[in-house]
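Take a look at the letters that make up each chain.
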Amino acid sequence: MFFLALIVVLIPSAWLILLRPVPQPATNDPLQVFDHGSIGNETQQGLPYWIWRVLPTLFPEYLPGNQDGYGSIGVYWIGGEELPVGFSKKTLGVIPRVAPNCAFCHQETYRLHADDPATFVPAGAGTRVNVQGFIRFLSAIGRHPERFTADNVMTAITAIYDMPLWERVLYRYLLIPAVRSALEAQATRFAWMDSRPDWGPGRIDPFNPVKFFNLHLPDDGTIGNSDIMPLWDFSTALADTTRQYSLHWDGLNSNLRETAVAGAIGDGMDYQGYLSAGPTLNAILDFIRLQKPPPSPFSSLRPVGDPYHVDQAEVDQGKAIYQSQCASCHEPDGARFRTVIPAAEIDTDRHRIDMWTEAAKDRYTNYHADDYNWGFHAFHKTNGYVANELTGLWLRGPYLHNGSVPTLRDLLAAPDQRPKQFYRGYDLIDPVDGGFVSQAGTPAQRYGTLYDTTVAGNGNGGHLYGTDLSDQDKQRLLAYLKTL
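What you see is a predicted model, and the numbers here were worked out from it, not measured in a lab. (Residues numbered from 1 in each chain as written. Predicted model: local features only at pLDDT ≥ 70, side-chain atom pairs only at ≥ 80, totals over all residues. Heavy atoms only, no water.)

### Details of the nonpolar core
Counting residues in each nonpolar core, the largest one holds 72 residues, and the members touching the most others are Phe 34, Tyr 364, Trp 374, Phe 376 and Ile 429. Membership of the second largest hydrophobic core comes to 48 residues, among which are Leu 55, Val 98, Val 153 and Ile 228. (Core = buried A, V, L, I, M, F, W, Y, C linked by side-chain atoms within 4.5 Å. Buried < 20%, exposed > 50% of the residue type's maximum accessible area, 1.4 Å probe, protein only.)

### Side note on the pattern of salt bridges
As enumerated under the stated definition, the model contains 21 salt bridges in all. Arg 352 serves as the salt-bridge partner of Asp 250, at 3.4 Å between the closest nitrogen and oxygen. Of this pair, Asp 250 sits in the loop between helix H9 (234–237) and helix H10 (256–266) while Arg 352 sits in helix H15 (residues 351–355), and the two are 102 residues apart along the sequence. Across this residue pair, the class does not change: Asp 250 and Arg 352 are buried. (Salt bridge = Lys/Arg side-chain N within 4 Å of Asp/Glu carboxyl O. Helix = DSSP H or I, 4+ residues; strand = E, 2+ residues; numbered from the N terminus.)

### Brief notes about the sheet that holds strand E1 (residues 21–22)
With respect to topology, 4 strands assemble into an open sheet ordered E1-E3-E4-E2, the strand pairing being antiparallel. Among the strands making up the open sheet, the edge pair consists of E1 and strand E2 (47–48). Two elements, E1 and strand E3 (residues 87–92), share 2 bridges in a ladder whose sense is antiparallel. Each bridged residue has a counterpart across the sheet, and for Pro 21 the counterpart in E3 is Leu 92. (Pairing = 2+ DSSP bridges.)

### Some remarks on unusual backbone geometry
Residue Pro 398 is reached from Gly 397 by a cis peptide bond, and omega for that bond is -10°. Secondary-structure assignment places Pro 398 in the loop between strand E12 (384–386) and helix H17 (408–411). Even without being a glycine, His 216 presents a positive backbone phi close to 55°. Tracing the backbone shows His 216 in the loop between helix H8 (208–214) and strand E8 (226–227).

### Here we look at the confidence of the model for the chain
Averaged over all residues, the pLDDT of the chain equals 93, while 96% of them reach at least 70. Across residues 2–10, confidence stays below pLDDT 50; counting only partners more than four residues off in sequence or on other chains, it has 1 contact. (pLDDT = per-residue confidence, 0-100. Contact = heavy atoms within 4.5 Å.)

### Brief notes about the side chain of Arg 352
Given a relative accessible area of 2%, Arg 352 falls into the buried group. Not counting chain neighbours up to four residues away, the residues in contact with Arg 352 comprise Pro 206, Phe 207, Ile 223, Gly 224, Ser 226, His 248, Trp 249, Asp 250, Leu 252, Tyr 385 and His 401.

### Thoughts on the packing of aromatic side chains
Across all of its chains, the model carries 34 aromatic pairs by this definition. Relative to Phe 379, the ring of Tyr 364 lies with its centre 4.6 Å away and its plane at 15°, an arrangement referred to as stacked. Highlighted residues: Tyr 364 in helix H16 (residues 358–365) and Phe 379 in the loop between strand E11 (372–373) and E12, separated in sequence by 15 residues. Taken as a pair, Tyr 364 and Phe 379 share a single burial class, namely buried. In this structure an aromatic cluster arises from ring pairing among Tyr 49, Trp 50, Trp 52, Tyr 70, Trp 77, Phe 87, Phe 104, Phe 134, Phe 137 and Tyr 161. Across the ring face of Tyr 49, the terminal group of Lys 89 is positioned such that the distance to the ring centre comes to 4.1 Å. Between Arg 189 and the ring centre of Phe 213, over which it is positioned, the NZ or CZ distance is 3.6 Å. (Phe/Tyr/Trp six-rings, centres within 6.5 Å; stacked < 30°, edge-to-face > 60°. Lys NZ or Arg CZ within 6 Å of the ring centre and 35° of its normal.)

### A few points about the side chain of Asn 253
Mapped onto the fold, Asn 253 is located in the loop between H9 and H10. Asn 253 gets classed as buried once you look at its relative accessible area, which sits at 1%. Side chain to side chain, Asn 253 and Glu 258 meet in a polar contact 3.2 Å long. (Polar contact = N/O pair within 3.5 Å; in protein donor to acceptor, adjacent residues only side chain to side chain.)

### Remarks on helix H5 (residues 131–142)
For H5, spanning 12 residues, the distance from its first C-alpha to its last is 17 Å, which sits close to the expected 16 Å at 1.5 Å a residue. In terms of burial, H5 is a largely internal element, 11 of the 12 residues being buried. Listed as buried for H5 are Val 131, Gln 132, Gly 133, Phe 134, Ile 135, Phe 137, Leu 138, Ser 139, Ala 140, Ile 141 and Gly 142. Buried residues along H5 sit in contact with E2, helix H4 (49–58), E3, helix H7 (165–189) and strand E7 (203–204). (Expected span 1.5 Å × (residues − 1).)

### Section: the pairing of strand E4 (residues 95–100)
With 6 of 6 residues buried, E4 is to be regarded as a mostly interior element. The alternating pattern of E4 places Ile 95, Arg 97 and Ala 99 and Pro 96, Val 98 and Pro 100 on opposite faces, both of which are buried. Both E3 and E4 contribute to a ladder of 6 bridges, which runs antiparallel. Along E4, the bridge assignment pairs Leu 92 with Ile 95. Where E3 hands over to E4, the hairpin turn is made up of 2 residues, of which Gly 93 adopts a positive phi near 65°.

### Here we look at the environment of Pro 209
Tracing the backbone through its elements, the reader meets Pro 209 in helix H8. Relative accessible area serves as the criterion here: at 11%, Pro 209 is assigned to the buried category. Between the C-alpha atoms of Pro 209 and Glu 146, which are 63 residues apart in sequence, the distance is 27 Å. With near-sequence residues (within four places) excluded, Pro 209 lies in contact with Phe 190, Trp 192 and Asn 214.

The following block contains the structure:
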């Protein structure tokens, strides 16, 4: 009876100390919610705050480029804020935990001139974010548990924080061992990545992790590497409520809220987390419905000679070409807007299409976890890619679903004339060709990552629309596209 009574006391006490969710501080700032709001994944993915703080100092050699702390994974840190954009801090029990949220992927920076400071763009295309670099950082630590010891971690923490005794006890005897075990499990969970091409900055394979971990499907060797999409102006993009819109690059879902919930599950949200994160997810959906990209710097109002000056006559002529050749797919009132264009027509690299299978669609449609039926109904298996809006096109480079074409000018070239290699992850706008500076011999080579179109999943073929225009018409169309 004594032991039974002890268990009755200890279980609720452990929940109160380690797992009881404490609401984040209230805010009326939608950007703050998007950048740092909890999506309910702290139990599965959250790191105790002080462990999260010291990991880069304990294991700098595992960070991409072995430099700059968490800045090395490309996340933006707003001056004065406690966390980089894309991380939430939420207390479970008495311990604050840090976990990635939607903005971890969906954030961006750009510069118009090489000596400009970076301008932060919320909900952007994640051009510099190295999601795989962060995963590999944690996995590498998990493969070296002999270094992740209580002595090493506590020495690093107490060097910057005068931790009270009760917290030292929790960290030393409960949290550090638990995190060590979780990181070892993560190293095993993501070992499949070693048999695939690297994602690189600005890209992610978002659904193979879900297939293998959440849906318990076997490793099928598929490659889902694709660019991170911006989340801008969905109220305009999805304005016609009589139509069904395809979402994700391959149209695998057609419901915006279901897409957000499924994404949070993929990032570690469980049902208990969902109960507290529901209002945050609603606020995030409201934010992306209304958030717009910054206006294009390309304008005829700039003086002639300015690198971002465009000729108004060329822009007007290019708009006419766009309306006749592109609008049916890329304008919200176009007949093919946010529909799936068959692979046989668009002919771009099909690895992403093949990654999402009928089995995955069926498993997620009938997804049960934590004894809860999520009630998904909008998953699909398709055989093509979505013709989406071009909002903020000047900030969406590189182009195509896998980011295999560096500039807008290259996208209008025949596939055999497009660059076979270039550098991505550099945030300086290319004022001549549209997109970002990416050529060898430029600072992009120093600060970016090599992209090789001969690697599986990186093919730059297809999307022949506009490639047969005259050089003069291509220049006119380019002038207009740069203003979007």
